[in-house]
Amino acid sequence: MRNLLKTKAAAWGGLVLILVWLVYMAFVQMPWWSFISVFFAFMMVFCHLAALYLNNTSNAASRKLDLVALVMGMLFIVAIIVEAVFA
């Protein structure tokens, strides 16, 4: 059984969830700084999805995109904490 994080279906599902979250926040009329965490979450999922598609073509590019996704994930966590403290 393959690792769930390495499946394209899970990455697409995450991207759809992030887009639903983005649309929800747009309709709730949140302040502009609350979109920072959504941006980092979107970039994390998008970079991971791109890394999955580039895995067969270039392993180096795939690893680098996964590293960027990891950094974006850490920045997402920091943004959530900062938004919780200053909100």
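Worth saying up front: this structure is predicted, and the values here are computed from it rather than measured. (Residues numbered from 1 in each chain as written. Predicted model: local features only at pLDDT ≥ 70, side-chain atom pairs only at ≥ 80, totals over all residues. Heavy atoms only, no water.)

S.K.: Can you break down the overall build of the protein chain residue by residue, with the values?
M.R.: When you go through the protein chain residue by residue, the secondary structure sums to 3 helices and 0 strands. Principal-axis analysis of the C-alpha atoms gives the protein chain an extent of 40 × 20 × 20 Å. Taking all 87 residues of the protein chain together, the buried fraction comes to 28%. By element, 78% of the accessible surface of the protein chain is carried by carbon and sulfur atoms, the whole surface being about 6300 Å². (Helix = DSSP H or I, 4+ residues; strand = E, 2+ residues; numbered from the N terminus. Buried < 20%, exposed > 50% of the residue type's maximum accessible area, 1.4 Å probe, protein only. Areas by Shrake-Rupley, 256 points an atom, 1.4 Å probe, with all protein chains shown as cover.)

S.K.: Describe in detail a nonpolar patch on the surface, supporting the description with residues and values.
M.R.: Taken together, the side chains of Ile77, Val78, Ile81, Val82, Val85 and Phe86 define a hydrophobic patch exposed on the protein surface, amounting to about 610 Å² of accessible area. Tracing the chain through its elements places valine 78 in helix H3 (residues 59–86). (Patch = residues over 30% accessible without salt bridge, like charges linked within 9 Å, V, L, I, M, F, W, Y side chains within 5 Å. Salt bridge = Lys/Arg side-chain N within 4 Å of Asp/Glu carboxyl O.)

S.K.: Which residues make up the packing of helix H1 (residues 8–28) against helix H2 (residues 35–54), and what are the values?
M.R.: Packing of H1 against H2 leaves a shortest axis separation of 9 Å and a crossing angle of 160°. By the angle class used here, H1 and H2 are roughly antiparallel. The crossing of H1 and H2 is left-handed. Along the contact surface, H1 presents Lys8, Ala11, Trp12, Gly14, Leu15, Ile18, Leu19, Trp21, Leu22, Met25 and Ala26, while H2 presents Phe35, Ser37, Val38, Ala41, Phe42, Val45, His48, Leu49, Leu52 and Tyr53. (Axes fitted to C-alpha atoms, helices over the stretch in contact; angles between N-to-C directions. Parallel < 35°, antiparallel > 145°, perpendicular 65-115°, else oblique. Left-handed = near helix turned anticlockwise from the far one by under 90°. Contact = heavy atoms within 4.5 Å.)

S.K.: Can you explain the packing of H2 against H3? Please cite residues and give values.
M.R.: Contact geometry of H2 with H3 gives a least axis separation of 8 Å together with a crossing angle of 165°. Classified by the angle between their axes, H2 and H3 sit roughly antiparallel to one another. H3 is crossed by H2, and the crossing has left-handed handedness. Split by residue class, the contact of H2 with H3 holds 18 nonpolar, 4 polar and 2 charged. (Nonpolar A, V, L, I, M, F, W, Y, C, P; charged D, E, K, R; others polar.)

S.K.: Can you break down the environment of asparagine 55 residue by residue, with the values?
M.R.: Mapping asparagine 55 onto the fold places it in the loop between H2 and H3. The exposure class assigned to asparagine 55 is partly exposed, which follows from its relative accessible area of 37%.

S.K.: Give a description of the nonpolar core that names residues and reports values.
M.R.: Taken as a class, soluble globular proteins show a tendency for nonpolar side chains to be buried jointly. Grouped together as the largest cluster of nonpolar side chains are 13 residues, with contacts concentrated most on Ile18 and Phe40. Elements with a minimum of two residues in this core: H1, H2 and H3. At 6 residues, H2 tops the list of elements feeding residues into this core. Apart from residues lying up to four places away in sequence, phenylalanine 40 is in contact with Met72, Leu75, Phe76 and Ala79. (Core = buried A, V, L, I, M, F, W, Y, C linked by side-chain atoms within 4.5 Å.)

Function cannot be inferred from these measures alone, as they are strictly geometric.
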